[in-house]
Amino acid sequence: MEQISEVPLEETDPMDNRDNSADPFYTPHSHTDSESSSALGQQHLQFTNPWDSKKIPKQASAHVGLNGPHMDAAMDAEYMKRRKSSLVIPPARAPGPNPFHYDAMLMNPSSMMQNNSSMNMSEMYPGGAPQLAGQQQHQLAPGQMMHSAEHRPSLVYQQQEAHHIQQIMQAQQAQQKQINTRLVPSLYNSQDYQRRQSVAATQYNPQSYYTSPTQNASISASNSTTNIPLISPYRRLSAFPTAQTTLSNAMRRNPEEFLNQQQQQQQQQPQITIPQMNIVHSRQDLKPQINKLPKYRRASLHSKTISPLIGLTKNLITTYQLCSPDFVYQTSKNPKRVLTKPSEGKYNNGFDNVNSDYILYVNDVLGVEQSRKYLVLDILGQGTFGQVVKCQNLMTKDIIAVKVIKSKSEYLNQSLTEVKILELINEKIDPHNKHHFLRMYDSFIHKNHLCLVFELLSNNLYELLKQNQYHGLSMQLIKIFTRQMLDSLCILKDSKLIHCDLKPENILLCSPDKPEIKIIDFGSSCDESKTVYTYIQSRFYRAPEVILGIPYSTSIDMWSFGCIVAELFLGIPIFPGASEYNQITRIVNTLESPPNWMLEMGKNTSKFFRRTTTSTNGNTDFNAPNVGETKFHLKSLESFNREYPNANEQPSKQYFKWTKLHDIIKNYKLARNIQHSPELIDQEMANRECLLHFLSGILNLNPLERWTPHEASMHPFVTNQPFTGEWYPPATMHGNGVTGGPSHRSNRHLSLHEGAAAKQLNSLTLKE
Ligand SMILES: Nc1ncnc2c1ncn2[C@@H]1O[C@H](COP(=O)(O)OP(=O)(O)OP(=O)(O)O)[C@@H](O)[C@H]1O
């Protein structure tokens, strides 16, 4: 099989292709292309880790509407404002007319009226016929307005505010003389409309039919133009109080008596209770009150009521159909949105872009066989090997994920290995789908592209951290993920399979609301006895033995696993190396130097380390032949740049205040909600102690001492047994050649193991 070419030390790393748009670790030097994004095109919902209420950051808490200690006053006020407006309940309404008639009328009232001449007014407007301001103005001279007064009150749908009423009462005498000629509904004042919209119907007061002379003057002026206020007539009508014609006659005969009667009637009528705003102090206060049959909700097509939220989201198509019976939804009529970037055709008869990626459009169909046709719905991610799209099986209607591999032969060949390994895992190794491996359903070729059909999963762990504003997850959640990853790693080790590309991007949640994960992307995987490639693993998660160029085994997955666990705690990668030199520098500075036997064996050791030999007289002689004790020193930045001027290595960016793993973990900031509880702080610090011990057993530079997944599974961090400060893995059948022992063995012990280690590693075939 053709090997993906080795990349010179100073070049960018093809394994790094995460979406770096908001990544604090993004440096152009450290990644290949920012287009290659695992989250390309995805809309990132603001994720607030549902299993980690403790750690929800301030911003995130606002997103989910959580109130409480995380909210500051300004946010609180804004939050309340939004809640207030959503609590305003519309007034009781007569059955509404077809809103489309109204809209059309607003556009062209006269033609609309003509078009609807066959329809009688009561059919169109069951609540009473509205009169549009402009239309009214056109048809009636000021003196004539009273003739249509029977209809006019029907247009008044909102109550006046208290001070208006007072004004009205004062002007009542004057109005009595003019009432027949000056009764103009205040509705036409669109500002009033806007202001009153949130005032509920219980304050409805017939006095509001009257307007003050000053108001009338301004209204008359505004109505003298043909402007139609930008108010939906549907809304006007919907709030229209019924039986207005008789009322207005009575009102005209004796307005004073009428008003008194109305006031008395109103006092006798039971008051409608409007929901009151309450300040939300805690989560408890957010308990929703659910009415089985809420008022004012529109009916669905099946005569059940549906909430406005459902109506405008889940039931959008039904909502459209209710508004316009002619509306028919057809996906095929949707415009085809391109999902691939760049979208210009270059190869494969224009089907592929410059990167040999198939140019995908929404509503494309992948596959030709009847039962294997997949309708493209959206993009899920993009990686080195191709694009992953959300699709629907046109026959079964199942929603699945399809990975469309690039059409280049090296990617195709490598992906055929992924197919073989996934088939092996799905059919033989984990036939009952119990060990957190991705399921593959099908594979086929479409326009020279290998397509792999997978079960649809949710966000990957990198996206999870990103959406959590790069804050670490709770201990509880880290433990849940750790157990599942270890379960998979045990199975892989027993099957002698190496994943070779474990990273947060390749661990996906099964669904957004459950802490259940699966491991994906077996495109770089291999059998432990066939470790063909030396340039493997994404840099941040690359094991020291791979960097140094010595034979490797399943223990490289354990290194990546350790880096992932640390990242889940810290929220950001523990070793975010900008180059291989930078990567090994970070590892050495944070942990320790690799043992001598590794450096002696490493093909790449001389790139990064300077060998010194202590001569017999005790002087350090860099160039002396091997006499006395040999030591390795990491090259300084200056000497590395002198040797490899093209590398142009930059000083390490410091993402943590502390250098050593111990200090980084211990001093990591405490979650806000435990900061004031000494008890919770003690518990957190005990958990950190245990995590630190766990990590130091896994992030052991010596692959032969690094804990195996079976050993790690027995650690108190995983089992939740009490951690006493010391723990040694019990001897297991699954060791790395050295059974048991703490991560920090003495140098004396190490030297004893060196011979055995070298022997064992040499027995692994290294084909290059
Ligand atoms: N089954 C799936 N369901 C949902 N999303 C998926 C699925 N498989 C992959 N993805 C998304 O697509 C991204 C890329 O997938 P994958 O890692 O398989 O591609 P790749 O080309 O092999 O990437 P890499 O560069 O890591 O090798 C993943 O990080 C994930 O976000």
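Residues numbered from 1 in each chain as written. Predicted model: local features only at pLDDT ≥ 70, side-chain atom pairs only at ≥ 80, totals over all residues. Heavy atoms only, no water.

## A short note on the UniProt feature "binding site: ATP" (unreviewed entry) in the protein
UniProt tags Lys 403 as "binding site: ATP" (unreviewed entry). Structurally, the position occupied by Lys 403 is in strand 4 (residues 399–405). Accessibility expressed as a relative area gives 7% for Lys 403, which makes it buried. Apart from residues no more than four positions distant in its own chain, Lys 403 is found in contact with Phe 385, Gln 387, Val 388, Glu 418, Leu 450, Cys 451, Leu 452, Phe 454 and Asp 521. Side chain to side chain, Lys 403 and Glu 418 meet in a polar contact 3.2 Å long. (UniProt positions renumbered as here; feature names shortened; annotations may be inferred. Helix = DSSP H or I, 4+ residues; strand = E, 2+ residues; numbered from the N terminus. Buried < 20%, exposed > 50% of the residue type's maximum accessible area, 1.4 Å probe, protein only. Contact = heavy atoms within 4.5 Å. Polar contact = N/O pair within 3.5 Å; in protein donor to acceptor, adjacent residues only side chain to side chain.)

## Considerations on the nonpolar core
Phe 481, Trp 559, Phe 561, Leu 568, Ile 574 and Phe 694 are the most contacted members of the largest nonpolar core, which has 100 residues in total. With eleven residues, the single largest contributor to this core is helix 20 (residues 555–570). Each of domain 2 (331–455) and domain 3 (461–719) contributes no fewer than three residues to this core. Apart from residues lying up to four places away in sequence, Phe 561 is in contact with Thr 482, Met 485, Leu 486, Leu 489, Phe 694 and Ile 698. (Core = buried A, V, L, I, M, F, W, Y, C linked by side-chain atoms within 4.5 Å. Domains from an automatic or database assignment.)

## Focus: the pairing of strand 6 (residues 449–455)
For strand 6, the tally of buried residues reaches seven of seven residues, placing the bulk of the element in the interior. Of the pairings in the sheet, the one linking strand 4 to strand 6 comprises five bridges and is antiparallel in character. Residue Val 402 lies in a different strand from strand 6, and its bridge partner there is Val 453. Examined bridge by bridge, strand 5 (residues 440–446) and strand 6 share six bridges and lie antiparallel to one another. Bridge pairing in strand 6 links Phe 444 to Cys 451. (Pairing = 2+ DSSP bridges.)

## Section: the packing of helix 18 (residues 475–494) against helix 20
Where helix 18 meets helix 20, the axes come as close as 10 Å, and the angle between the chain directions of the two elements is 170°. For the element pair helix 18 / helix 20, the angle class is roughly antiparallel. Contacts between helix 18 and helix 20 involve Met 475, Ile 478, Phe 481, Thr 482, Met 485, Leu 486, Leu 489 and Leu 492 from the first element and Asp 557, Met 558, Phe 561, Ile 564, Val 565, Leu 568 and Phe 569 from the second. Classifying every residue of the contact of helix 18 with helix 20 gives 13 nonpolar, one polar and one charged. (Axes fitted to C-alpha atoms, helices over the stretch in contact; angles between N-to-C directions. Parallel < 35°, antiparallel > 145°, perpendicular 65-115°, else oblique. Nonpolar A, V, L, I, M, F, W, Y, C, P; charged D, E, K, R; others polar.)

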